[in-house]
Protein chains: 2
Amino acid sequence: MNSPIIASNPSFIESKDILSRAISKHIFIILVADCKIDYVGRSSSKMSWGERVIMLKSDGAVLIHRKTNYKAVNWQPPGANITVSLERGELNIRADRRRPRETLSITCRKIIFISSFLLKDEASFDMLLSEADIYKVLMLYPSLIEPEFRISKQQKELGGGKADITGFDKNGQYTVVEIKRIPADSNSVKQLYRYISNLRTTSPQVRGILLAPNINASAKNLARSLSIEYYSLDLKKIADIYSKKNSSDVERLDKHLF
Amino acid sequence: MNSPIIASNPSFIESKDILSRAISKHIFIILVADCKIDYVGRSSSKMSWGERVIMLKSDGAVLIHRKTNYKAVNWQPPGANITVSLERGELNIRADRRRPRETLSITCRKIIFISSFLLKDEASFDMLLSEADIYKVLMLYPSLIEPEFRISKQQKELGGGKADITGFDKNGQYTVVEIKRIPADSNSVKQLYRYISNLRTTSPQVRGILLAPNINASAKNLARSLSIEYYSLDLKKIADIYSKKNSSDVERLDKHLF
DNA sequence: TCCTATATGTCGGCC
DNA sequence: GGCCGACGTATAGGA
């Protein structure tokens, strides 16, 4: 964090100066202002005067937050072109993007507070136990799926980069395994069913196994009616195995599979 | 905006004081801090030290923003229980919620900036031309759907409170109309197909009409193969009609249909 | 409470 | 760049 700028009740001239400079230098800006908002694009919206918190990020993202709710009331994703102007005694901030063509206009009649600064943040964001992580562990220990389960050498591309496993059960029956790291719902069942339904036209005994930490009642019923099996997945056990990856084969899997 | 509090480089003691007071009084807080984040819940994530912007809102919503991207990297929706504590020389902010059980922990080793204030904002947020708005206009002027189209007195509950219209075309053929205010995709087609597919088992000539400002190529193909018709919807025309609602029947529709 | 469908969904994959 | 599918999706509305 170097050279933060903080100004309370700045004039429009001062505000415009701070904003223009910060925007051109891709510096983070927080603004608290009495403003009105116009958005036109895929949808359109309008909001009249009120005090809101506005963030302008270094990548062009724009966020307008009201006093409640966790989502921004209006926004522009990264890459927006941000311009600032003084018009009729009001400070206007516009954020435009093409494809889709969308414009966001913030008209301020009073700047309560403005701050701009650089954020030093190089940390990685680690989502723990992703579906891909579970996949890696199961690939290493197929018996976690089912005793004597053998994984097919050729992993079918089941669409959309999904981390699913195909193989053969102890009776040699071809089996498709779908992994979820969150409770399975009827979509999970339907998805697995889509995968195996055409396989079943030629060999009806193809098994579909859904592995998830949990399943809701309707999904369970749907699975039963579609002859899809559900087994609960012990995420803690998987996490324990995964956490020992330092000296283990998970690293090799990382290299070879991803 | 009354009595805003702004502090640069506050001590932990001072910060905790400001935070505790603001949280108990449900006052908006913006915090810029060098912090690390732990989230455990439906998923889990971890992020080590870095400078981020944190918002604590009056309704219990918590947002952690990094220097880029328009979405918060971690968050807690409204209703979270927020607690602040000093532990081992670090300031910890926890936001917990039940159902689903989720905890978000923000550990700060340096507070760069803290500000708390009330936001005066009573404005309404107006989303213009919703699907329901289009529905109202088409209910008033069925010929916009198709010349001589007659709307069925009994609107079928087609599921999920959908703003869809059923009626009869100029040949007396039963027709289901699905309205989209954004470009139609294959989901739109599939949805309409689900509605009419069982109707078609008894009367195969039932028509399905998809009305949208636009349609993508794959959806168009899917529609053709499922014998669903697509017609483009002139949103501008609809908006023009809708905007004249003051003295018109749209108001009556508002009262009677919603 | 659960289920369903929408969303300015966003995001990331692959083609 | 577009299409497709998952997401800590969130969110609203009905059963």
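Further up the page is the structure itself.
Residues numbered from 1 in each chain as written. Chains lettered and ligands numbered in written order. Predicted model: local features only at pLDDT ≥ 70, side-chain atom pairs only at ≥ 80, totals over all residues. Heavy atoms only, no water.

Draft legend 1. Region of interest: the overall build of chain A. When helices and strands are tallied, chain A shows six helices and 14 strands. Per-residue burial for chain A yields a buried fraction of 49% across its 258 residues. For chain A, contacts bridging at least 24 residues in sequence account for 55% of all contacts bridging at least 6. Of the roughly 12,900 Å² that chain A leaves accessible, carbon and sulfur atoms contribute 51%. (Helix = DSSP H or I, 4+ residues; strand = E, 2+ residues; numbered from the N terminus. Buried < 20%, exposed > 50% of the residue type's maximum accessible area, 1.4 Å probe, protein only. Contact = heavy atoms within 4.5 Å. Areas by Shrake-Rupley, 256 points an atom, 1.4 Å probe, with all protein chains shown as cover.)

Draft legend 2. Spatial organisation of the side chain of B:Thr107. Residue and element names in this part refer to chain B. Residue placement: Thr-107 occurs in strand β8 (residues 102-117). Relative accessible area serves as the criterion here: at 8%, Thr-107 is assigned to the buried category. Here Asn-92 takes part through its side chain, which lies 3.0 Å from a polar atom of the side chain of Thr-107. Apart from residues no more than four positions distant in its own chain, Thr-107 is found in contact with Asp-34, Cys-35, Lys-36, Trp-49, Glu-90, Leu-91 and Asn-92. (Polar contact = N/O pair within 3.5 Å; in protein donor to acceptor, adjacent residues only side chain to side chain.)

Draft legend 3. Up close: the interface of chain A and chain B. Taken together, the contact between chain A and chain B spans 53 residues of the former and 53 residues of the latter. Together, A:Glu51, A:Lys67 and A:Tyr70 form the three largest contributors to the area buried by chain A at its contact with chain B, with a combined 17%. Inspection of the chain A/chain B interface yields six salt bridges. One salt bridge in this structure joins A:Asp121 and B:Arg66, with 2.8 Å as the shortest N-O distance. Across the chain A-chain B interface, the total number found is 25 residue pairs in polar contact (both at pLDDT 80 or more). (Buried area = accessible area lost by both parts, 1.4 Å probe. Salt bridge = Lys/Arg side-chain N within 4 Å of Asp/Glu carboxyl O.)

Draft legend 4. Summary view of the protein's contact with DNA strand C. Every one of the 18 residues lining DNA strand C counts as a neighbour, but A:Arg42, A:Asn74, B:Tyr70, B:Arg99 and B:Gln191 are closest to it. For DNA strand C, the backbone portion of the atoms within 4 Å of the protein, that is sugar and phosphate, comes to 78%. Note that a sugar or linking oxygen of DNA strand C is positioned 3.2 Å from one of the side-chain N or O atoms of A:Tyr39. Of the residues contributing to the surface near DNA strand C, the split by class is seven nonpolar, four polar and seven charged. (Near = heavy atom within 4 Å. Nonpolar A, V, L, I, M, F, W, Y, C, P; charged D, E, K, R; others polar.)

Draft legend 5. Broad picture of the protein's contact with DNA strand D. Taken together, 23 residues sit near DNA strand D, with A:Tyr70, A:Gln191, B:Arg42, B:Trp75 and B:Ser218 positioned nearest. A:Lys180 places a polar side-chain atom, nitrogen or oxygen, 3.2 Å from a phosphate oxygen of DNA strand D. At 3.3 Å from a base nitrogen of DNA strand D is found a side-chain nitrogen or oxygen belonging to B:Tyr39. Sorting the residues of the surface near DNA strand D by element identifies β5 (74-76) and α4 (217-225) of chain B as the ones contributing at least two each. When residues of the surface near DNA strand D are assigned to their parent elements, the largest contribution, three residues, is made by β5(B). Among the residues making up the surface near DNA strand D, the classes are represented as seven nonpolar, seven polar and nine charged.

Draft legend 6. Molecular detail of the sheet that holds strand β11 (residues 165-168) of chain B. Residue and element names in this part refer to chain B. In space, the five strands of this open sheet follow the order β10-β11-β12-β13-β14, with mixed pairing throughout. Edge positions in the sheet fall to β10 (150-151) and β14 (228-232), since each has one partner strand and no second. As defined by bridge partners, strand β12 (residues 174-179) adjoins strand β13 (residues 207-212) across five bridges and the pair is classed as parallel. The partner of Ile-179 across the bridge, within β13, is Leu-211. Helix α2 (residues 131-140) rests against β10, β11, β12 and β13 of the sheet, and its axis sits at about 145° to β12. On top of the sheet, helix α3 (residues 186-202) reaches β12, β13 and β14; it is set at about 160° to β12, its chief contact. (Pairing = 2+ DSSP bridges. Axes fitted to C-alpha atoms, helices over the stretch in contact; angles between N-to-C directions.)

Draft legend 7. Structural context of the packing of aromatic side chains. Residues and elements named next belong to chain B. Scanning the model with the defined rule gives seven aromatic pairs over all chains in all. Look at Phe-28 and Phe-117: their rings are 5.5 Å apart centre to centre, the planes differ by 15°, and that puts the pair in the stacked class. Of this pair, Phe-28 sits in strand β2 (residues 28-40) while Phe-117 sits in strand β8; the two residues are 89 residues apart in sequence, bridging distant segments of the chain. The exposure class of Phe-28 is buried, given its relative accessible area of 3%. Classification of Phe-117 as buried rests on a relative accessible area of 3%. (Phe/Tyr/Trp six-rings, centres within 6.5 Å; stacked < 30°, edge-to-face > 60°.)

Draft legend 8. Summary view of the relation of the copies chain A and chain B. Of the two same-sequence chains, chain A is brought onto chain B (RMSD 0.3 Å, axial shift 0.1 Å) by a rotation of 180°. In short, the pair behaves as if placed about a two-fold rotation axis. (Least-squares fit on C-alpha atoms with pLDDT ≥ 70 in both.)

Draft legend 9. Local environment of α2(B). Here α2(B) lies mainly inside the structure; seven of its 10 residues are buried. For α2(B), the set of buried residues is B:Asp133, B:Ile134, B:Tyr135, B:Lys136, B:Val137, B:Leu138 and B:Met139.

Draft legend 10. A look at the pattern of salt bridges. All names here are of chain B. Following the criterion strictly, the structure yields 25 salt bridges over all chains and no others. Across the salt bridge formed by Asp-34 and Arg-109, the nearest N and O atoms sit 2.9 Å from each other. Of this pair, Asp-34 sits in strand β2 while Arg-109 sits in strand β8; the two residues are 75 residues apart in sequence, bridging distant segments of the chain. Residue classification places Asp-34 among the buried residues on the basis of a relative accessible area of 14%. Glu-87 is the salt-bridge partner of Arg-88, the closest N and O atoms lying 3.9 Å from each other. Relative accessible area serves as the criterion here: at 76%, Arg-88 is assigned to the exposed category.

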